[in-house]
Amino acid sequence: MELLIRNSLRLMKQAVFACSLFAAPLLQASEDFSQVMVADPYIELHTGPGRGYPVFHIVERNNPVEILKEKTGWYKVRSRKGKQGWVKREQLQQTLFAGKPLQIDAANLDSFRRYKKEIALLIGDFDGADVMTITGTWYLSQALGIEASASRVLASFSDSTHASISLVSRPLDFWRLSPFFMLGTGIIETDPKVTLVQESDAVDQTAHVGIGANLYLSRHFMFRVQYLNHVIFDSSDDNQEIDEWKAGFSLFF
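Residues numbered from 1 in each chain as written. Predicted model: local features only at pLDDT ≥ 70, side-chain atom pairs only at ≥ 80, totals over all residues. Heavy atoms only, no water.

1. With respect to empty space enclosed by the protein
Summed over the entire model, instances satisfying the criterion amount to two cavities of 30 Å³ or more. Roughly 70 Å³ of internal volume is contained in the largest cavity. Forming the walls of the largest cavity are 15 residues, and the residues nearest its centre are Ser-149, Ser-164, Leu-228, Glu-244 and Lys-246. Among the elements of the structure, β10 (129–139), β11 (144–154), β12 (158–169), β15 (221–233) and β16 (240–252) are those that each provide at least two residues to the lining of the largest cavity. (1 Å grid on protein atoms, 1.4 Å probe; cavity = no way out; pocket = protein on both sides within 12 Å on 5 of 7 lines; lining within 4 Å. Points joined across faces, edges and corners; volume = space filled by probe spheres on them. Helix = DSSP H or I, 4+ residues; strand = E, 2+ residues; numbered from the N terminus.)

Below, the structure written as structure tokens:
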């Protein structure tokens with residue numbers, strides 16, 4: 001049991017580290033400092049990121065403001081006089097950057113419908129054993145993508161490492177709940193634990209089909225659930241059929 005817990009924690013740390021590598025460019029972009037010029041007669045600075053916060057200052061036309069950070073559709077800005085406040089995205093888009101209207105790529109449902117890359121961290125059940133998976137998906141078109149995944153299966157009598165590649169189809173990606181279908185192949189390496197009979201590690205080929213769905217949550221995040229039916233082509237010609245259920249969270253961009 002202690003070894004199982006250590007392996008789970010180690011795999012979780014590796015998955016979180018990998019997610020952070022993919023998320024870093026997005027987080028850095030949201031913290032990037034940019035200066036824009038007010039083009040409307042004025043923009044209103046609120047004391048907080050919401051319409052319920054009062055307006056305490058205005059910045060008039062042809063004055064610059066510096067964008068500090070973004071939060072749920074509101075942007076914290078700083079005026080030339082040092083006043084800091086929050087501006088709604090729609091009003092900030094009326095400002096000028098390098099002489100042109102500012103373009104803000106909002107992380108919203110529209111961006112979910114057209115995203116090209118995804119990384120996910122999933123946990124679940126692999127024929128009665130615990131499984132943790134990290135995946136990376138790249139969409140070649142709006143409806144078809146390629147996904148690579150690495151899994152660690154932690155069972156009572158053996159541990160396994162499973163690597164696979166899949167074709168992913170998302171025919172209804174315009175919905176907030178977007179289903180997808182998977183077809184792929186891979187390899188699985190099984191490492192038996194202490195047994196009465198000495199066994200060596202086994203490496204076998206796998207094939208799978210699956211179905212799942214992504215639920216858009218907010219910003220760049222979604223909840224993912226999926227079912228896969230695996231066939232393991234055992235070297236002894238005794239093929240195994242495995243059911244796998246997983247769920248977790250995805251970061252898309």
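We are not done yet, so read on.
2. Re the sheet that holds strand β14 (residues 202–218)
Strands sit in the order β9-β10-β11-β12-β13-β14-β15-β16 around a closed barrel of eight strands; the barrel is antiparallel. Sheet twist, expressed as the mean angle between neighbouring strand axes with direction ignored, is 25°. Strand direction decides the pairing type here: strand β13 (residues 177–192) and β14, joined by 14 bridges, are antiparallel. Bridge pairing links Ser-178 to Asn-214 in β14. (Pairing = 2+ DSSP bridges. Axes fitted to C-alpha atoms, helices over the stretch in contact; angles between N-to-C directions.)

3. Some details on unusual backbone geometry
Apart from glycine, the bulk of residues carry a negative phi angle, and the bulk of peptide bonds sit in the trans form. A positive phi angle, close to 70°, is found at Asn-62, a residue other than glycine. Residue Asn-62 is classed as exposed on the basis of its relative accessible area of 57%. (Buried < 20%, exposed > 50% of the residue type's maximum accessible area, 1.4 Å probe, protein only.)

4. A closer look at a nonpolar patch on the surface
The grouping of Trp-138, Leu-140, Leu-144, Ile-146, Ile-165 and Leu-167 at the surface amounts to a nonpolar patch, some 550 Å² of accessible area in total. Elements with a minimum of two residues in the nonpolar patch: β11 and β12. Looking at Trp-138, the relative accessible area reads 48%, which means it is partly exposed. (Patch = residues over 30% accessible without salt bridge, like charges linked within 9 Å, V, L, I, M, F, W, Y side chains within 5 Å. Areas by Shrake-Rupley, 256 points an atom, 1.4 Å probe, with all protein chains shown as cover. Salt bridge = Lys/Arg side-chain N within 4 Å of Asp/Glu carboxyl O.)

5. Section: the confidence of the model for the protein chain
Looking at the protein chain, the pLDDT average stands at 80 and 74% of residues meet or exceed 70. Between residues 1–5, whose pLDDT stays under 50, and residues either more than four places distant or in other chains, the model counts one contact. Taken as a whole, residues 11–33 scores under 50 in pLDDT and shows 28 contacts with residues more than four places along the chain or in a different chain. (pLDDT = per-residue confidence, 0-100. Contact = heavy atoms within 4.5 Å.)

6. Some details on a negative patch on the surface
Where like charges cluster on the molecular surface, the negative patch consists of Asp-125, Asp-127, Asp-130, Glu-241 and Asp-243. Structurally, the position occupied by Asp-243 is in strand β16. We classify Asp-243 as partly exposed; its relative accessible area is 36%. (Lys, Arg positive; Asp, Glu negative; His and termini not counted. Charge placed at Lys NZ, Arg CZ, Asp CG, Glu CD.)

7. Comments concerning the pattern of salt bridges
Throughout the structure, instances matching the rule amount to five salt bridges. A salt bridge links Arg-224 to Glu-118; its shortest N-O distance comes to 3.0 Å. Taken together, the residues Arg-224 in strand β15 and Glu-118 in strand β9 (residues 117–126) connect sequence positions 106 residues apart. On the basis of relative accessibility, which here comes to 1%, the residue Arg-224 falls in the buried class. Here Arg-152 ties to Asp-159 by a salt bridge, and the two come within 3.9 Å at their closest N and O atoms. Overall, the relative accessible area of 18% leaves Arg-152 in the buried class. Since its relative accessible area comes to 6%, Asp-159 is described here as buried. Linked by salt bridges that have partners in common, Glu-118, Glu-147 and Arg-224 make up one network.

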